[in-house]
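Architecture at a glance
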Amino acid sequence: MSSNEINETLTNVSKTFLEEKWNGFVDKTSDDPFIMWIFGMNGAMFVIYWSIGMIYMVFDTYNFAFLKKYKTQPGKNEPVDWIKLRKVIKRVIYNQTVVALLYTTFMYPILVWRGGPLMTIREIPTFSRLAIDFIGCMFFREISFYYSHRLLHHRRFYEKHHKRHHEYTAPVAVTAQYADAMEHCWSNLMPVLLGPAVMGAHYFTTFVWLSHVILRTLSDHSGYYFPWYYNPTRHDYHHESFTKHYGVEFFGFMDWIHGTGGEKKMKMK
């Protein structure tokens, strides 16, 4: 058996195994596209956000000594102000339930119109198709987030819509989706759903993509730089400087194009 045949066999076995596990999950929930897009996706992202967010909140509350070397802005939020954070948590939960449910319900007819793999809940794409769609989602998010985010820094919009998010110049993880409804739709939800819609990605791919987005944005706002994980220094510096690093994916590609990058704020010791 040639190496290509071995690789193809292993890929098929992995795909079959993953498909069985995924369909087992779908059997316990639903394979109705509307239910899975509106309630399944939002519910899953809510669970991921708060499961990982709670770990960061433990870090921020107990201020463990062994984590100090990973802080991007040492001395800030040590420990976190829980009175202030309660307001953040209430707003984020409102965004993830009321605002997100309304937005995805409004967007659902567009997904139906786009059709194809977006509506195939049970199907698992090939690895190559998943990788291509994932990279496409990163590309469309980088462009759309950069411009939507930069527009929010315009004087006409900053005070009314974006200032709330910048209350934390040294952010903590769960402030990642701390925003008013307009900003949450315009700069959080729209850029991450644009890619799957344009690429016609599978529902499963969208699930993987949005999981990445949640983990990435939590890291970007966490105040911790673990060298084996997502690098949050660019967005952390954005919160500190306000006028640098508007992008999020592709290693600052759009910031490089527009000259809005800046110095890295932290060097690991």
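Residues numbered from 1 in each chain as written. Predicted model: local features only at pLDDT ≥ 70, side-chain atom pairs only at ≥ 80, totals over all residues. Heavy atoms only, no water.

**Details of the nonpolar core**
With 53 residues, the main nonpolar core has Trp37, Met45, Tyr49, Leu85 and Trp209 as its most contacted residues. Sorting the residues of this core by element identifies helix 1 (3-28), helix 2 (33-62), helix 3 (82-114), helix 4 (127-152), helix 6 (181-199) and helix 7 (203-220) as the ones contributing at least two each. Take this core: its biggest share by element is 12 residues, from helix 2. Not counting the four nearest positions on each side in its chain, tryptophan 37 is found in contact with Asn42, Tyr108, Leu111, Leu118, Met119, Tyr203 and Thr206. (Core = buried A, V, L, I, M, F, W, Y, C linked by side-chain atoms within 4.5 Å. Buried < 20%, exposed > 50% of the residue type's maximum accessible area, 1.4 Å probe, protein only. Helix = DSSP H or I, 4+ residues; strand = E, 2+ residues; numbered from the N terminus. Contact = heavy atoms within 4.5 Å.)

**So, the side chain of histidine 212**
With respect to the element layout, histidine 212 can be found in helix 7. Among the residues examined, histidine 212 registers a relative accessible area of 10% and is labelled buried. A polar atom in the side chain of histidine 212 sits 3.0 Å from the side chain of tyrosine 230. Residues in contact with histidine 212, not counting those within four places in the same chain, are Phe134, Tyr230 and Glu249. (Polar contact = N/O pair within 3.5 Å; in protein donor to acceptor, adjacent residues only side chain to side chain.)

**Focus: a nonpolar patch on the surface**
On the surface, a nonpolar cluster with roughly 430 Å² of combined accessible area is contributed by Val58, Tyr62, Phe64 and Phe66. Tracing the backbone through its elements, the reader meets phenylalanine 64 in the loop between helix 2 and helix 3. (Patch = residues over 30% accessible without salt bridge, like charges linked within 9 Å, V, L, I, M, F, W, Y side chains within 5 Å. Areas by Shrake-Rupley, 256 points an atom, 1.4 Å probe, with all protein chains shown as cover. Salt bridge = Lys/Arg side-chain N within 4 Å of Asp/Glu carboxyl O.)

**Some words on unusual backbone geometry**
In this structure, proline 79 follows glutamate 78 across a cis peptide bond, with omega equal to 0°. You will see that asparagine 63, though not glycine, has its phi angle at about 50°, which is positive. Note that asparagine 63 resides in the loop between helix 2 and helix 3. Overall, asparagine 63 belongs to the partly exposed group, its relative accessible area being 23%. A positive phi angle is found at histidine 245, which is not glycine, with a value near 55°. Under the relative-accessibility criterion, histidine 245 is labelled buried at 5%.

**So, the pattern of salt bridges**
Close approach of charged atoms allows side chains with opposite charge to pair. The tally for this structure, following the rule as stated, stands at nine salt bridges. Put simply, arginine 122 and aspartate 27 hold a salt bridge, and the shortest N to O gap is 2.8 Å. Here arginine 122 is found in the loop between helix 3 and helix 4, whereas its partner aspartate 27 is found in helix 1, with 95 residues between them in sequence. Given the relative accessible area of 54%, aspartate 27 is considered exposed.

**Some points on helix 6**
Taking 1.5 Å of rise per residue, the 19 residues of helix 6 would be expected to cover 27 Å, and the 26 Å separating its terminal C-alpha atoms lies within 8% of that figure. Those residues of helix 6 lying buried are Glu183, His184, Ser187, Asn188, Leu189, Pro191, Val192, Leu193, Gly195, Pro196 and Ala197. Looking at the residues trailing helix 6, positive phi occurs at glycine 200, about 65°. (Expected span 1.5 Å × (residues − 1).)

**Comments concerning the environment of leucine 102**
Position of leucine 102 relative to the elements: it lies in helix 3. Accessibility expressed as a relative area gives 59% for leucine 102, which makes it exposed. Linking leucine 102 and arginine 114, residues 12 residues apart in sequence, is a C-alpha distance of 19 Å.

**Re the packing of aromatic side chains**
Under the criterion given, the structure shown has 24 aromatic pairs. Pairing tryptophan 22 with phenylalanine 204 gives two aromatic rings, centres 5.0 Å apart and planes at 80°, and the pair type is edge-to-face. Placement of the pair is tryptophan 22 in helix 1 and phenylalanine 204 in helix 7, with a sequence separation of 182 residues. Accessibility expressed as a relative area gives 7% for tryptophan 22, which makes it buried. Relative accessible area serves as the criterion here: at 8%, phenylalanine 204 is assigned to the buried category. Look at tyrosine 146 and tyrosine 147: their rings are 5.3 Å apart centre to centre, the planes differ by 90°, and that puts the pair in the edge-to-face class. A relative accessible area of 0% places tyrosine 146 in the buried class. (Phe/Tyr/Trp six-rings, centres within 6.5 Å; stacked < 30°, edge-to-face > 60°.)

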